[in-house]
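What the coordinates show
Chain by chain, the residues run as shown.
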Amino acid sequence: MSEAFSPKHIVVTGGAGFIGSNFVHWVAGNVPQVHITVLDALTYAGNLENLEGVPGDRMDFVHGDICDAPLVDELFAKADACVHFAAESHNDNSITNPAPFVRTNVEGTFTLLEAARAHGTRFHHISTDEVYGDLALDDPARFTEETPYHPSSPYSSTKASSDLLVRAWHRTYGVAATISNCSNNYGPRQHIEKFIPRQITNILCGIRPKLYGDGKNVRDWIHTEDHSSAVWEVLTRGRIGETYLIGADGERSNIDVLRAILSEMGKEADDFDWVRDRPGHDRRYAIDSTKLRRELGWQPIHTDFAQGLRQTIEWYRSNQQWWQGAKEATEAKYAKQGQ
Ligand code: NAD
Ligand code: TDX
């Protein structure tokens, strides 16, 4: 299949975060002709070290806010596409303080869309399966592109809002936009507030892992490199105005994932603490990615979860300087919440 769109210069917002930086590495390693401008505010979740190893002639870094309209306008004038990862991304933070979520996720996306409208920039919006709410554990259904929006948390409701803005800017103003909604990512460089890296780094620090509620909640795990390859397919060959769900058939309960980590790290199956549940905690996410696979021929390559988890554990073991500075504050924040 031939490529319909071959950008020469892309703006990647949130490129110093977990998934954004993995995407930048993926593009630099797989697509020779593209120049990348990373726009990132370097919040607590952004880290310039995440971009180490990306050749200097392939990328420039702009330290700035996606809500800064003049800056965004200047960058969009020079690029032919934007892939928009920047967001406040953690559900638990959105419960304690939703304000930055509304600002970055809603107002920030609005600011970018206005610039895309002014400059005719191709716009790919990164979203989440959480916009669809949750499924029961015994429901055979999975989310599809037709599932109605039903977000539960302040985080997911701001992501749903941003998706709706993208759809409206496409329909009303003709912005050349696509959206992808992906399931839970794992892999290197994920902030240690998130489930998998929190448990790995707890064990490395001699702290007992923490499991919310009854541990039966199900997440649909995908390796972040597979998310990156899917985003590239949608950006270059996806149909304008369409939404694509990204998932790799990786449904697992939290307790199963935790037990896999414990076993891999030489701990007993019950070496963890049950802690207070997350308010409004979504029960189960599950993605049906048939459209992406059929239309664009995308396939995940990291299909062995045990192996991906082993490599992720190894990454945190070998990169303690990357996460150690954030560990105490992250755990203090959780302790205050009883988690
Ligand atoms: P992250 O929190 O690791 O990184 C977010 C990045 O955005 C950081 O580098 C941060 O500095 C930057 N940022 C935040 N506010 C900004 C602002 N106002 N201006 C400029 N930059 C700003 O997040 P992540 O887990 O890598 O998620 C990236 C995207 O993928 C988000 O849009 C998220 O909703 C989506 N997503 C995440 C997952 C997941 O499992 N983590 C799954 C599906 C979708
Ligand atoms: O210590 C913990 N113990 C625990 O049991 C933490 C941090 C989490 N959990 C549970 C809550 C969830 O059921 O693990 C599951 C995963 O939690 P998170 O890593 O916080 O992810 P989740 O809330 O599922 O959201 C993630 O996937 C969708 C990303 O953070 C979002 O950005 C993305 O949109």
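Everything quoted here is computed from the prediction, not taken from an experiment.

Focus: the packing of helix 10 (residues 305-318) against helix 11 (residues 320-336)
In helix packing, the relevant descriptors are the interaxial angle and the interaxial distance, both defined with respect to the helix axes. The N-to-C vectors of helix 10 and helix 11 enclose an angle of 75 degrees; their axes lie 6 Å apart at closest approach. The orientation of helix 10 with respect to helix 11, classified from their angle, is roughly perpendicular. Residues Trp 315, Tyr 316, Arg 317 and Ser 318 of helix 10 touch helix 11, and the partners they reach there are Gln 320, Gln 321, Trp 322 and Trp 323. Tallied by class, residues from the contact of helix 10 with helix 11 come to four nonpolar, three polar and one charged.

Remarks on the pairing of strand 11 (residues 243-246)
Judged by which residues are buried, strand 11 turns out to be covered on both faces: Thr 243 and Leu 245 on one side and Tyr 244 and Ile 246 on the other are all buried. Note that strand 6 (residues 177-182) and strand 11 share four bridges and pair parallel. Its bridge partner being in strand 11, Ile 179 is matched across the sheet by Thr 243.

Considerations on the packing of aromatic side chains
Counting across every chain of the model gives twelve aromatic pairs. Note on Phe 272 and Trp 274: the rings are 5.1 Å apart at their centroids and 70 degrees apart in plane angle, and the pair reads as edge-to-face. For Phe 272, a relative accessible area of 4% translates into the label buried. Between Trp 315 and Trp 322, the ring centres sit 5.1 Å apart and the planes meet at 75 degrees, which makes this aromatic pair edge-to-face. On the basis of relative accessible area, Trp 315 is assigned to the buried category, the value being 19%. On the basis of relative accessible area, Trp 322 is assigned to the buried category, the value being 15%. Linked through ring pairs, Phe 110, Trp 169 and Tyr 173 together constitute an aromatic cluster. Between Arg 117 and the ring centre of Tyr 173, over which it is positioned, the NZ or CZ distance is 3.8 Å. One Lys or Arg, Arg 198, reaches over the ring of Tyr 334 and ends 3.8 Å from the middle of that ring.

Overview of the site of ligand 2
Around ligand 2, a shell composed of 22 residues is seen, among which Thr 128, Tyr 155, Arg 198, Arg 278 and His 281 lie nearest. A distance of 2.9 Å separates an oxygen atom of ligand 2 from a polar atom in the backbone of Phe 195. Within the side chain of Arg 278, one N or O atom sits 2.6 Å away from an oxygen atom of ligand 2. Protein coverage of the free-state accessible area of ligand 2, which is 670 Å², stands at 94%.

About the cut-offs
Residues numbered from 1 in each chain as written. Chains lettered and ligands numbered in written order. Predicted model: local features only at pLDDT ≥ 70, side-chain atom pairs only at ≥ 80, totals over all residues. Heavy atoms only, no water. Axes fitted to C-alpha atoms, helices over the stretch in contact; angles between N-to-C directions. Helix = DSSP H or I, 4+ residues; strand = E, 2+ residues; numbered from the N terminus. Parallel < 35°, antiparallel > 145°, perpendicular 65-115°, else oblique. Contact = heavy atoms within 4.5 Å. Nonpolar A, V, L, I, M, F, W, Y, C, P; charged D, E, K, R; others polar. Buried < 20%, exposed > 50% of the residue type's maximum accessible area, 1.4 Å probe, protein only. Pairing = 2+ DSSP bridges. Phe/Tyr/Trp six-rings, centres within 6.5 Å; stacked < 30°, edge-to-face > 60°. Lys NZ or Arg CZ within 6 Å of the ring centre and 35° of its normal. Near = heavy atom within 4 Å. Polar contact = N/O pair within 3.5 Å; in protein donor to acceptor, adjacent residues only side chain to side chain. Areas by Shrake-Rupley, 256 points an atom, 1.4 Å probe, with all protein chains shown as cover.

These figures capture arrangement, not role.
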